[in-house]
Amino acid sequence: MRRLPLPLSLLLAGLGLGLSGEPEPVALSDAQCLKHDCFGVFWARKSFAEASEACERSGGHLMTVRSTVAEDAIALLLHNRSGALWLGLMLHSPCVEPSQSLRGFKWVTGDSRTDYTNWAPSGRPCPEQCVTVSRYLLWEERRCEEPADGFLCEYSYGDSCPQLPLAEGLAVTYTTPFGARGGDFQALPPRSTASVPALGLELRCDEERLEEGLQWSRDAPGAWPCSLLNGGCEGTCGEEGGRPRCSCPDGKALGADGRGCVSLCAGKACQHYCVENGTGFSCMCEVGYRLAADSYHCEDIDDCAVLPNLCEQVCVNTEGGFECRCHSGYEMQGERCRRINPCDSALCEQQCEELPDGYRCGCYPGYAVDPQVPTRCLLHCNSSRCPAQCSKHSDSCECPEGFVLDDADERTCVDLDECAFNYCDHECRNYPGGYECFCQAGYEVLDKVFCVKSAADEEGPYSGDSERPSQPPAPSRTPPKAEDLHLGVLVGIAVGALSAALALLALGYHLAKKRCRSPATMDYKCSGPHEKEMGLQPVTSVCVTPSQKL
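All values reported here derive from a predicted model rather than from experimental measurement.

Visitor: Can you explain the nonpolar core? Please cite residues and give values.
Guide: Counting residues in hydrophobic clusters, the biggest one holds 34 residues, and the most contacted among them are W86, F151, L164, Y174, F178 and W216. For this core, the secondary-structure elements that each account for two or more residues are β1 (30–33), β2 (37–42), α2 (48–57), β8 (150–156), β13 (193–196), β14 (201–209) and β15 (213–217). Looking at this core, the element that brings in the most residues is α2, giving 4 residues. When residues of this core are assigned to domains, at least three map to each of domain 1 (30–156) and domain 2 (173–263). Counting residues in hydrophobic clusters, the runner-up holds 25 residues, among them L89, Y116, L137 and W139.

The following block contains the structure:
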């Protein structure tokens, strides 16, 4: 094997590096452990950064001194030995802030929380960036790049195991996960080990039973000597055949490790519930199920078959229970079936009547069901005069189909006599709101208003399969609505007035023309009754102006 030259080996050793170039681990000199924290001292010249890295490699960080308890731990670790040790304090601002407890410094954990300080006097407003502590327990500023004589590391844990209550004369050696060894620890962090050579026993601080937290245990099953921690038994530790053995109270059984006690139901394959009964266990099922033949599984009970009349109308079995339902036309309300009223969802405009097989729409007095849309209501009158339907917010009034407002009383509707308009070919019968056409013998009604010869009378020379001459379509005689009649009357009056004015104008023009003609014009005068001669005589027309006198 090739060896490094001696000068290079010395250089690496001086830098604290091994032959592989990795930092050599620093030996722990001493340690103190409390319930949740352990503190270790390392005597090795390191800069602040090197010391911080060494603590982190062992699972901790540079020590924080937040209380007098931590100060007492430092006093025990130093043993009055001289030298400066790095603490986990570092200044993060250019100068100190005297008003603050830590003067602007922060712990390596990133916070400034503390209940304790012990600064050495310093007149420099901008001291060095890091802090050391010595045997006088004073905090002194120091350049971070400058090596100190050693450093203090802190290891924090959530819980710990107590020291073993050994009988007098028995020795124990504890080993912590960060490398501390000894027999004088008050508390041990998780994963620590305890070796008792006299008993041939190796124990570990571990969570054997989660509900009890950290405790001493071992990988091998069964009890160890009962004189130490009851042999690790949760129940009772006793001798059997010269060997320690654990036992459990009634209703419990030994666990897989041979020390803990578990429920008799632990690991049992009950589908729903397991119940301890002192000497054993029984499986039980939830309501709606019963225990199957294998005594472990549960099967559904058909409640509808076992308990008749559970429901008012229909019972449906479900997994683990049942469900009540209703017949068609009913709905469930609470625990009862109520008949569904079809009128609740009907689209009737005014009134609704429930029927055994559905519903029927109705109307208020003065209205009738629209034969085309049975859910709507139309104004209706079954006499020749009826009150009009007038708006409460205006003077407008409405009349049913076939009625018009009375001219004398505009809040009363009178029947429109459609027969007066000669809509029917032959005979017409008027009734309130409408009319009906009738035909003479040998005729039949076509399109409600026309009369055509009946089929029997029209056969004549056309019979059998002979084609009958086609009849031209009849003109429409649809009766006008009341609004159209009013409009027609107004239009008729306007046309009549205009015609009278034009007639008077024409008459005046004619008279003026007869009285004022040219002298050359010859008229003939018809002799009156007193003249004996009945003849025409030519006369000369003379136009006399108003200023002339006869």
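Visitor: Please give an account of the layout of surface pockets that cites residues and values.
Guide: Counted as a void, the second largest pocket has a volume near 320 Å³. Taken together, 15 residues form the lining of the second largest pocket, with L378, L379, H380, P400 and E401 sitting closest to its centre. Residue assignment for the lining of the second largest pocket shows that the elements contributing at least two residues are β30 (367–369) and β31 (377–379). In terms of residue count, β30 provides more of the lining of the second largest pocket than any other element does, 3 residues in total. In terms of residue class, the lining of the second largest pocket is built from 10 nonpolar, 3 polar and 2 charged.

Visitor: Break down the state of the cysteines for me, citing the residues and quoting the values.
Guide: Evaluation of the coordinates by the stated rule reveals 22 disulfides. Disulfide partner of C424: C437, at an S-S distance of 1.8 Å. Measuring handedness by torsion sign, the sulfur bridge of C424 and C437 sits at about -75 degrees and is left-handed. A residue pair is termed long-range when its members are at least 10 positions apart, and C424 in the loop between β36 (412–415) and β37 (427–431) and C437 in strand β38 (residues 434–438) qualify at 13 residues.

Visitor: Quick one: what's the story with the sheet that holds strand β32 (residues 385–387), residue by residue and with numbers?
Guide: An order of β32-β36-β35 is seen for the 3 strands of this open sheet, with the pairing classed as antiparallel. This sheet does not close on itself; its edge strands, each paired only once, are β32 and β35 (403–405). For this sheet the average axis-to-axis angle between neighbouring strands, irrespective of direction, equals 35 degrees.

Visitor: A description of the UniProt feature "domain: EGF-like" (unreviewed entry) in the chain should follow, citing residues and the corresponding values.
Guide: Within this structure's numbering, the places UniProt gives as "domain: EGF-like" (unreviewed entry) are residues 300–338 and 415–452. What you have in residues 415–452 is 0% helix and 47% strand, and the ends, taken at the C-alpha atoms, are 29 Å apart.

Visitor: An account of the packing of aromatic side chains is requested, with residue identities and associated values reported.
Guide: Tallying each qualifying case throughout the model produces 11 aromatic pairs. On the numbers, 5.8 Å between centres and 75 degrees between planes, the contact of Y116 with W139 is edge-to-face. Remark: W139 occurs in strand β7 (residues 139–142) and Y116 occurs in the loop between β5 (105–107) and β6 (130–133); sequence separation between them is 23 residues. Assessed through its relative accessible area of 11%, Y116 is described here as buried. Residue class for W139 comes out buried when judged on its relative accessible area of 1%. Three or more aromatic residues joined by ring pairs form one cluster here, namely F105, W107, Y116, W119 and W139.

The rules behind these values
Residues numbered from 1 in each chain as written. Predicted model: local features only at pLDDT ≥ 70, side-chain atom pairs only at ≥ 80, totals over all residues. Heavy atoms only, no water. Core = buried A, V, L, I, M, F, W, Y, C linked by side-chain atoms within 4.5 Å. Buried < 20%, exposed > 50% of the residue type's maximum accessible area, 1.4 Å probe, protein only. Helix = DSSP H or I, 4+ residues; strand = E, 2+ residues; numbered from the N terminus. Domains from an automatic or database assignment. 1 Å grid on protein atoms, 1.4 Å probe; cavity = no way out; pocket = protein on both sides within 12 Å on 5 of 7 lines; lining within 4 Å. Points joined across faces, edges and corners; volume = space filled by probe spheres on them. Nonpolar A, V, L, I, M, F, W, Y, C, P; charged D, E, K, R; others polar. Disulfide = S-S within 2.5 Å. Pairing = 2+ DSSP bridges. Axes fitted to C-alpha atoms, helices over the stretch in contact; angles between N-to-C directions. UniProt positions renumbered as here; feature names shortened; annotations may be inferred. Phe/Tyr/Trp six-rings, centres within 6.5 Å; stacked < 30°, edge-to-face > 60°.

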